[in-house]
Amino acid sequence: MAEAADFQGMSPSPARRWLRRSGALLAGAPLLAGLLQLPISTSASAAEKTSVAEATGSSTVDVSLDSLSPGAPTDGDTLTVSGSVTNNGKQAVTDAHVGLRVGPSLNTRSAIDTAAKRTGFQLGLDPFEVGGKYAVKFSKLAAGVSQHFSISVPVKELDLGSDGVYQLAVSLTGRTAAQQWDQVLGIQRTFLPWQPDEAGTKTKTTYLWPLVSTVHLTAETGSDEAQTPVFKNDDLAKEISPGGRLDQLLSLGSDLDVTWVLDPDLLASVDAMRDSYRIQGENGTTTAGKNQAVAKAWLDKLEKTVQDKKVVALPFADPDLASLAHNGKDVTGSLSHLKDATDVASSTVETILHVKPSTEFAWPADGAVDPSIVKVATSAGADKVIARSDSLRETGGLPYTPSAARPIGGGTTAVVADARLSTAFQGDMTKADNSTLAVQEFLAQSLMINLQESEEQRSIVVAPQRMPSASQAQTMAQALKALQDGNWSESQGLAAAAKAKPDTGATTKVPSASSYPSSLRKQELPRSAFEQIQTTQSKLDNFQVILTDKARVVTPFGRAIDRGMSTSWRGRASEAETFRKGVDSYLSDLTGLVRLIDKSDAKLSGRSATIPVTVQNNLVQGVDHLVLRLTSRQPTRLKIGDGPYQEQQIQVAGEHSQSVKFTTSAEANGPVKVVAQLYTEDGQAYGPEVTFEVKVTEITPTVMLVIGGGVLLLVLAGFRMYTQRKRAAARQAEEEPEDGPEAEGVNKDADGTVDTEDTEGSENGPEEESGAEPGADAPEHPSDPTPDTAPESTGPSGTGERVDR
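Residues numbered from 1 in each chain as written. Predicted model: local features only at pLDDT ≥ 70, side-chain atom pairs only at ≥ 80, totals over all residues. Heavy atoms only, no water.

Counting secondary structure elements, the protein chain contains 20 helices and 32 strands. Taking all 805 residues of the protein chain together, 48% fall into the buried category. Counted over contacts in the protein chain with a minimum sequence separation of 6, partners at least 24 positions apart contribute 78%. About 38200 Å² of surface is accessible on the protein chain, with carbon and sulfur atoms providing 50% of the total. (Helix = DSSP H or I, 4+ residues; strand = E, 2+ residues; numbered from the N terminus. Buried < 20%, exposed > 50% of the residue type's maximum accessible area, 1.4 Å probe, protein only. Contact = heavy atoms within 4.5 Å. Areas by Shrake-Rupley, 256 points an atom, 1.4 Å probe, with all protein chains shown as cover.)

In structure tokens form, the structure reads like this:
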């Protein structure tokens, strides 16, 4: 934000300034004496360098300020400062003492910044010692040795004047063998906010308390009814266990008036641990997780903590808005993932914690914004963007820090968090010295905001790092508790801060894309990441069409795709790519469980036959809405059904297979390539095709005509033989005498002469006379069935698969 103007009326009184200047001159007397002892040949510049070296030898001893209590004292308090001093020099320090230096007050926020950056003791700029009994003496401090100190002094002895931010320093003064006079050999600076009485107008302060973690859940689930979840590792259990990062954030935040900012994916992941869960191992193996009780305890505590509290839900898995805006928005379908992640956020929080969160806020990484980020951030329904003042900088020259809310057009409000306060705890807070200094600077900046001239009450927002460490969380809590116990600030929720009246002169112009920090751009997900995500989504869309229980697949994979876009992948590009590839690979494995069984080549030894094709479903659920198409590559030789291909609807129960038969007809001999392919009902190919060869050995029409003609001749010959025999029998009956058997075989002429004829021995018997052919003495009966013209062979069809007939 724009630097505030100097706060009027903050300087000490003229009398106090005179006393301090006098003290400074007295303190510098030994140094002046040292200068007078320099050789006459020494130049003026050399003398100046020597005096500075003697006066600012504060690098000799390291002063660590480990605790300061209370951080914001009031009348009647006793200030206690503790820490240690370490001799980093090569000579022992003698006649040393540690003392406090207080004052003067600072007038601007930038003055606080400048004072915090100063390292060495500077005569005239650093305040004088409180002195007297409020000092700790060391007769000797050997080289490399550390000594602890603790100083307690009543606040009234500090001679603090009007409300303001005062410099506070702890210094070690002593002597060395090379410099036998008192000098400051080490100093550490901090700040003492002084607001003993309730401020007339308090700053409304909103502090975001984020519960966000990295990605832990995979897309994989068990085949059991409960779909046992599978975790990448068991690191989440460490975070929520007593003493873990998330456990401490929850415990510390429960005692503070903050706005909780939750990633629904974290809640869903911990909730998945409450029952049976498994952990990925090597070579595709998994082991059983054992931290169900820890997960249940943490969620139960969180649910109790956030009841009736201010809760904001980020989109599921906290998608990286800047990466999406800069690299993903032009990839088809990418923005739909953000909408999906936003839609599921509220229901996830409500289901698990039984509170209704606000989902109207978008939070880009580090609050850095440009027009494309704002556009993407609000595309899923959010109308408020949490920015930061080092991105949305003040250009209007306001003499104070303006309120957070800024209308930036299109019905969108930018909630601009204060950069100094938001980044106060990003360093290494495991060291007590760093933690103490961060707390005091945070309090000093907050008080200075309230002391700035402004006609109206202001609303300030603090948006710290997304995933503070345990030590950072402890420091944050310490500073926030001191702030909430102080006299110049009151707590406010994020929703109220967003609705506060904007300052007229505050900037509302979103910075250009060229202003986006290059350091943040380097951490973004590349375009290839969004292309990979879209490939996976396309597979999922194609897969879910055939499922009878879509939720078992769509839900875990949809959430896994959201996790692939998480802000937590910043700075971990290789891990992010591994995760995305793992999701896609597992989905491919699942889709491959519904497939066509490979077929060997087949022989078709007739005019028509049926070809079976088998579909196998190794999923635990049934599949439907599939179409199996069998296609002949040479329909002039082999037809499938009535044309080049035939399709049939497929429905297969879970863990079953089904054979589907297709009718074929041969048109000519020779090998034919046949292709089997599964399709979804919307015409998308599903899985790989199966190709095999059918060898057609069908009898040709010419051969069929020859065989048919031969059979017809046999039938006609038999009929002729039958009629001839019948005539012969009739003539024989006429020639026999009517009165006795002796007439059998006798020919009787008209004149009464009878010739006896041996019919059996006749050279030309009745058959020849009647024109019957030899061998026709046993003709088929006219009622006998005509034999098949193409009898079916029961023998083997030779090599290859024999088709069904």
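A cluster of nonpolar side chains, Leu712, Leu713 and Leu716, forms an exposed patch at the surface whose accessible area comes to about 320 Å². Turning to its location among the elements, Leu716 is positioned in helix 19 (residues 701-735). (Patch = residues over 30% accessible without salt bridge, like charges linked within 9 Å, V, L, I, M, F, W, Y side chains within 5 Å. Salt bridge = Lys/Arg side-chain N within 4 Å of Asp/Glu carboxyl O.)

Okay, the packing of aromatic side chains next. Taken as a whole and assessed by the stated rule, the structure comprises 7 aromatic pairs. Where Tyr207 meets Phe442, the ring centres are 6.3 Å apart and the plane angle is 65°; that geometry is what we call edge-to-face. Remark: Phe442 occurs in helix 12 (residues 432-451) and Tyr207 occurs in strand 8 (residues 203-211); sequence separation between them is 235 residues. Per residue, the accessibility class of Tyr207 equals that of Phe442, and both read buried. (Phe/Tyr/Trp six-rings, centres within 6.5 Å; stacked < 30°, edge-to-face > 60°.)

So, on to the pairing of strand 23 (residues 608-617). Successive residues of a regular strand alternate their side chains across the two faces of the sheet. Across the 10 residues that make up strand 23, a large majority, 7, are buried. Two strands pair when backbone bridges link them, and strand 21 (residues 594-596) and strand 23 are joined in this way by 3 bridges, in the antiparallel orientation. Counted as the bridge partner of Leu596 is Val615 from strand 23. For strand 23 and strand 27 (residues 656-666), the ladder comprises 10 bridges, and the chain directions are antiparallel. Paired with Ser608 across the bridge in strand 27 is Ser665. (Pairing = 2+ DSSP bridges.)

Before going further, it helps to spend a moment on the packing of helix 6 (residues 264-273) against helix 9 (residues 334-353). Two numbers describe how helix 6 lies on helix 9: the axes approach to 9 Å, and their chain directions differ by 40°. Judged by the inter-axis angle, helix 6 sits oblique to helix 9. Judged by the twist between their axes, the crossing of helix 6 over helix 9 is left-handed. Contacts between helix 6 and helix 9 pair Pro264, Leu267, Ala268 and Asp271 from the former with Ala345, Thr348, Val349, Ile352 and Leu353 from the latter. (Axes fitted to C-alpha atoms, helices over the stretch in contact; angles between N-to-C directions. Parallel < 35°, antiparallel > 145°, perpendicular 65-115°, else oblique. Left-handed = near helix turned anticlockwise from the far one by under 90°.)

A few words on helix 9. Over its 20 residues, helix 9 extends 29 Å from the first C-alpha to the last, a length consistent with the 28 Å expected when each residue adds 1.5 Å. What helix 9 keeps buried is the set Ser334, His337, Leu338, Ala341, Thr342, Val344, Ala345, Ser346, Thr348, Val349, Ile352 and Leu353. Immediately beyond the C-terminal end of helix 9, within one or two residues, lies His354, with a positive phi of roughly 60°. (Expected span 1.5 Å × (residues − 1).)

Take the sheet that holds strand 16 (residues 384-388) next. Ordered in space as 15-16-18-17, the 4 strands form an open sheet in which the pairing is mixed. The sheet is open, and its two borders are formed by strand 15 (361-362) and strand 17 (405-409), each paired with just one other strand. The sheet contact formed by strand 16 and strand 18 (residues 412-417) spans 5 bridges and is parallel. Across the sheet, residue Ala387 finds its bridge partner in strand 18, namely Val416.

By size, the foremost hydrophobic cluster in this structure holds 75 residues, and its most contacted members are Phe543, Phe557, Leu628, Leu630 and Val694. Ranked by residues supplied to this core, first place goes to helix 18 (residues 573-591) with 6 residues. Excluding residues within four positions of it along the chain, Leu630 makes contact with Ile611, Val613, Ile640, Pro644, Tyr645, Gln646, Phe662, Val674, Val675, Ala676 and Phe692. Formed by 63 residues, the second largest nonpolar core is a distinct cluster that contains Tyr207, Ala272, Leu299 and Val355. (Core = buried A, V, L, I, M, F, W, Y, C linked by side-chain atoms within 4.5 Å.)

Below, the discussion takes up the pairing of strand 2 (residues 78-87). Counting buried residues in strand 2 gives 8 out of 10 residues, a clear majority hidden from the surface. Both strand 1 (residues 61-69) and strand 2 contribute to a ladder of 8 bridges, which runs antiparallel. Looking at strand 2, one finds that Val63 is bridged to Val85. Where strand 2 and strand 5 (residues 146-154) come together, 9 bridges link them in antiparallel fashion. By the bridge assignment for strand 5, Val85 is matched with Gln147.

Below, the discussion takes up the side chain of Arg580. Here Arg580 shows up in helix 18. Although Arg580 lies buried, it forms no salt bridge, and the closest oppositely charged side chain, Glu577, sits 5.3 Å away as judged by the N-O distance. Every residue in contact with Arg580, bar those within four places of it in the chain, is listed here: Leu525, Ala529, Gln532, Ile533 and Gly564. (Lys, Arg positive; Asp, Glu negative; His and termini not counted.)

Turning to the environment of Thr342, a few remarks are in order. Position of Thr342 among the secondary structure elements: in helix 9. The exposure class of Thr342 is buried, given its relative accessible area of 14%. Residues Thr342 and Glu360, spaced 18 residues apart in sequence, show a C-alpha to C-alpha distance of 9.3 Å.

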